[in-house]
Amino acid sequence: MPRGDSCCRVCSRGFYSCHWKHASENERKHARCWFSVVTLVSLLSLCWIYICLVTFNDQDDVNWQGFTILKRWVNWFMVLIIISAVITSYCVLLLLFALFQVALGEPLDLHWLHKIFLFFGVIFIAFGVTGISYEWREEWPTVPLSLQATAPFLQFGAVGALTLLSPFVFRGFHVAKEKWSTFLMAVVFVAVSAAIFLCPLSISSPCLIELDELPEKPKLIGHRGAPMLAPENTMMSFNRSIACGVIAFETDVQLSKDRIPFLMHDHKSEFLRRTTNVKEKFPGKDFSDSANLTWEELQSLNAGEWFLKTDPFRSVSKLSEEEKETARNQTIPSLLQLLNLAKQHNISVIFDLYSLDKDNDTEETVSTILNSDIDPNLVLWLHPGKREYVNKTAPSFIQIYNNESDMLNKSGKHLNLKYSSLNKKDIRRLRSSNVSVNLWVVNEHWLFSLLWCAGASSVTTNSCHLLKDMERPDWVLAPPTYKIIWIAVDIASILIMTGLYIFQRKTHCFCHRKGTQDNTSAWNEKELSPFLPTG
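Residues numbered from 1 in each chain as written. Predicted model: local features only at pLDDT ≥ 70, side-chain atom pairs only at ≥ 80, totals over all residues. Heavy atoms only, no water.

Caption draft 1: Representation of the environment of Leu80. Its location among the elements puts Leu80 in helix H4 (residues 76-104). The class for Leu80 is partly exposed, based on a relative accessible area of 25%. Sequence separation between Leu80 and Gly128 is 48 residues, and the spatial gap between their C-alpha atoms is 8.8 Å. The residues touching Leu80, leaving out its near neighbours within four places in the chain, are Trp48, Cys52 and Phe124. (Helix = DSSP H or I, 4+ residues; strand = E, 2+ residues; numbered from the N terminus. Buried < 20%, exposed > 50% of the residue type's maximum accessible area, 1.4 Å probe, protein only. Contact = heavy atoms within 4.5 Å.)

Caption draft 2: Quick look at the state of the cysteines. A complete count under the given rule lists 1 disulfide for this structure. In this model, Cys207 is linked to Cys453 through a disulfide, with the two sulfur atoms separated by 2.2 Å. Measuring handedness by torsion sign, the sulfur bridge of Cys207 and Cys453 sits at about 95° and is right-handed. Here Cys453 lies in helix H18 (residues 445-454) and Cys207 lies in the loop between helix H7 (179-198) and strand E1 (219-223), a separation of 246 residues in the sequence. Owing to a relative accessible area of 0%, Cys453 belongs among the buried residues under this scheme. (Disulfide = S-S within 2.5 Å.)

Caption draft 3: Examining the environment of Ser420 more closely. On the secondary structure map, Ser420 appears in the loop between strand E7 (414-418) and helix H17 (424-432). The sequence separation of Ser420 and Glu138 amounts to 282 residues, and the corresponding C-alpha distance is 8.8 Å.

Caption draft 4: Expanded view of the nonpolar core. By size, the foremost hydrophobic cluster in this structure holds 67 residues, and its most contacted members are Phe249, Ile369, Phe397, Leu439, Phe448 and Leu451. When residues of this core are assigned to their parent elements, the largest contribution, 7 residues, is made by H18. With residues up to four places along the chain from it excluded, the contact list for Phe448 reads Lys217, Pro218, Leu220, Val442, Val459, Leu467 and Met470. Ranked by size, the runner-up nonpolar core spans 13 residues in total, among them Phe271, Phe282, Leu293 and Ile332. (Core = buried A, V, L, I, M, F, W, Y, C linked by side-chain atoms within 4.5 Å.)

Caption draft 5: Representation of the packing of aromatic side chains within the structure. What the rule picks out here adds up to 17 aromatic pairs. Measuring from ring centre to ring centre gives 5.4 Å for Phe351 and Trp381, while their planes differ by 85°; the resulting arrangement is edge-to-face. Taken together, the residues Phe351 in strand E4 (residues 348-353) and Trp381 in strand E5 (residues 379-381) connect sequence positions 30 residues apart. Like Trp381, Phe351 is buried. Here the aromatic cluster, defined as three or more aromatic residues joined through ring pairs, consists of Phe56, Phe77 and Trp136. We note Arg274 situated over the ring of Trp73; from NZ or CZ to the ring centre the distance is 5.0 Å. (Phe/Tyr/Trp six-rings, centres within 6.5 Å; stacked < 30°, edge-to-face > 60°. Lys NZ or Arg CZ within 6 Å of the ring centre and 35° of its normal.)

Caption draft 6: Local environment of the packing of H17 against H18. Put simply, H17 and H18 touch, their axes get as near as 9 Å, and they point 45° apart. When the interaxial angle is binned, H17 and H18 end up oblique. Seen from H17, the contacting residues are Lys424, Ile427 and Arg428; seen from H18, they are Leu451, Cys453 and Ala454. When its residues are assigned to classes, the contact of H17 with H18 shows 4 nonpolar, no polar and 2 charged. (Axes fitted to C-alpha atoms, helices over the stretch in contact; angles between N-to-C directions. Parallel < 35°, antiparallel > 145°, perpendicular 65-115°, else oblique. Nonpolar A, V, L, I, M, F, W, Y, C, P; charged D, E, K, R; others polar.)

Caption draft 7: Region of interest: the environment of Leu439. Here Leu439 shows up in strand E8 (residues 436-440). Since its relative accessible area comes to 0%, Leu439 is described here as buried. Along the primary structure Leu439 and Asn416 are separated by 23 residues, whereas in three dimensions their C-alpha atoms are 5.8 Å apart. Leave out the neighbours within four places in its chain, and Leu439 touches Leu417, Lys418, Tyr419, Leu422, Ile427, Leu451, Ala456, Ser458, Val459 and Thr460.

Caption draft 8: Region of interest: the pattern of salt bridges. All told, the structure shown has 17 salt bridges when counted by the stated rule. Here Asp361 ties to Arg259 by a salt bridge, and the two come within 2.9 Å at their closest N and O atoms. One end of the pair, Asp361, is in helix H14 (residues 358-371); the other, Arg259, is in the loop between strand E2 (248-255) and strand E3 (261-263), and 102 residues separate them in sequence. Residue Asp361 is classed as buried on the basis of its relative accessible area of 2%. Of the residues examined, Arg259 reaches a relative accessible area of 33% and is grouped as partly exposed. Arg274 serves as the salt-bridge partner of Asp266, at 3.0 Å between the closest nitrogen and oxygen. Judged by its relative accessible area of 0%, Asp266 is buried. (Salt bridge = Lys/Arg side-chain N within 4 Å of Asp/Glu carboxyl O.)

Caption draft 9: Here's a closer look at the packing of H4 against helix H5 (residues 112-135). For the pair H4 and H5, the least separation of the axes is 11 Å and the interaxial angle reads 140°. Considering the angle they form, H4 stands oblique to H5. The hand of the H4/H5 crossing is left-handed. Contacts between H4 and H5 involve Leu80, Ile83, Ser84, Ile87, Tyr90, Cys91 and Leu94 from the former and His114, Phe117, Leu118, Gly121 and Phe124 from the latter. Taken together, the residues that form the contact of H4 with H5 break down as 9 nonpolar, 3 polar and no charged. (Left-handed = near helix turned anticlockwise from the far one by under 90°.)

Caption draft 10: The confidence of the model for the protein, seen in detail. When pLDDT is averaged across the protein, the result is 88; 88% of the residues are at 70 or more. Confidence drops under a pLDDT of 50 for residues 520-535, and excluding neighbours within four residues, the segment shows 0 contacts in the predicted structure. (pLDDT = per-residue confidence, 0-100.)

Caption draft 11: Region of the structure containing the pairing of strand E9 (residues 458-461). Here E9 shows two buried faces, one formed by Ser458 and Thr460 and the other by Val459 and Thr461. Bridge count between E1 and E9: 4 bridges; the pairing is parallel. Along E9, the bridge assignment pairs Lys219 with Ser458. Pairing analysis gives 2 bridges linking E8 to E9, with the strands arranged parallel. In the strand pairing of E9, Leu439 is matched with Val459. Regarding the hand of the β-α-β motif, the stretch spanning E8, H18 and E9 is right-handed. (Pairing = 2+ DSSP bridges. Right-handed = clockwise from strand over helix to strand, strands pointing away.)

Caption draft 12: Representation of helix H13 (residues 335-345) in the model. Among all positions of H13, only Leu335, Leu338, Leu339, Leu341 and Ala342 are buried. Down the axis of H13, the sector holding all buried residues measures 160°, keeping them to one side. At the exit of H13 stands Asn346, carrying a positive phi of roughly 55°. (Arc of directions from axis to C-beta.)

Shown next as C-alpha cells:
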C-alpha cells in the first residue's frame, strides 16, 4: 500500500474502480463523464422505483395482464419491484462511493464492470417505461396524481439532498482550472437550487386544507368482496367484507349455459382458468365461455384452492387454520346467493355483466334480482346496455354511470369512475351538485387519503380491512403552516450552504498560500544547496 493511503481510501477506490493503487493519468481520461453517467442513471432509477411504488395500488392489473399472456398466475409486479429495487440500490450506492471518492480526492475511474451493469440498468428501465406506455398506458395519470400526495415531502428531501451535496459542488468551483468551467457549474447549480426552492409555488394538493374543512371519510365498497382476506367473488369473501363496514358488494355477473346468473370476473379465453380447478375437472371441455358450462358443472368446481396456492396479495399467512380450511372449500356462488346476503345485511350490490352477450343477459339478471325480493333501492345498476329496459322494468334501481356526459343526459346523480379520471376540482364540483362519486380501485393509504381530502363519496377497494381503521388522512396541512415550513426549510438550507461555501473558500485559500510557500521554500533550498555548507 502506497504511503498515505488509508484503508478507507483503498476500499473506496477498490469498489469504485478496482484500482488498489493510484491509477495512471491515461486511465483517468473521461472519468468525469462517467461520474455524470452514474449521477444520471441514479436519478433515472430513483424515478423508476418511484413509478413502481405509486403504481403498486394497481399491481393486480399487471398480474392479470401477465396471466392473459402466459396463462400462469405469478405475482409479476412483485418481481418487477424486486428487480427495480436492486437496480436502484446499486446505482445509488455507486453514486455514494463516487462522492466518497471526490471527498477523499481520489480519481473517478469507473470500472468496466460497473459500466456494463449501468448499461443493463438503463435497458431494463427503458423496457419498463415502454411496457407501461404500450400495455398499461392508463396507469401514467397515477404518477402526477401521486405527486399531490408526495410533492411537499419530496421537496423537503430535495432541499436536504442539495444541502448535503453542495460541498462537493463548491469543491468543484475551487479546483476548476478554467473560468468557463466554474461559470457553467455555478449557473447549473443556481438554476437547480432555484427550481428546488421555488417548486412549492406549483404544488397543489387537496390535503393542503384546514382540518375543519376536511370532507367526510369516503364509504367503502368491497371489490369482489374482501379479496385480500378470502378468494375473490366467493361467499367467504363477501362475508369478510361485511366486517369492514362496506356499504356495497362489487362483483361481476355472467350467465351459465342454462341461464343462471353467477359471480365470476374472468372471461373470454381466461374464463375459470385462474380462480378454479376447471382444467383438472374438465380436461377435454371447452371452457372459454360461461355459456359452455351448466350451473351444475360450475358448482362442482373449487373456487378457493387457487387462493391458498398463489397467495395473490401475500395475505394467506395471516389467516387462521380454520379460515384457510373455509377458503379451501369455496365454490362459485350464484347472484341469488349474494342478493340474499345483501338483503340480510341491508348492503347494496353493484356489478357489471361479463358474458359475451351482455345485452341479452340483462333480462335474466333483472328477473333474478326482482324474484329475490331485495329492496330495489339496494341495487346499483351499472351496465349501460338496455338501460331503458331496466328503468322501465325496475324503476327503483339506482342507475350508476361511468361517464359524466351520459349521467347528465339522463339526469343521473351517481358516477363510478377510475380514481385517476377526475381531479380534485371535478370531484368537489360534482359533490357540490349533490352527485355521488365512487372511484375504483383504491387500495393504498396515500391514494385513499388523497381522495378523502378531495371529497370522494366512496371508493371500491381490495383492502377494506385496512382502510376501515383510518381515522384521518395520512396528512393534512393548513396552507399557511405549509408555507411557513417551506420558507423556513429553504432559508435554513441557504444559510448552511453559504456557511459551507465560505468555509471551503477560506480553507482552499489557506491551502493554496501554504502550498505556494512550501514550493518557494523548496525552490530556494534547491537553488542554494550548492552554496550551503555540508555536514
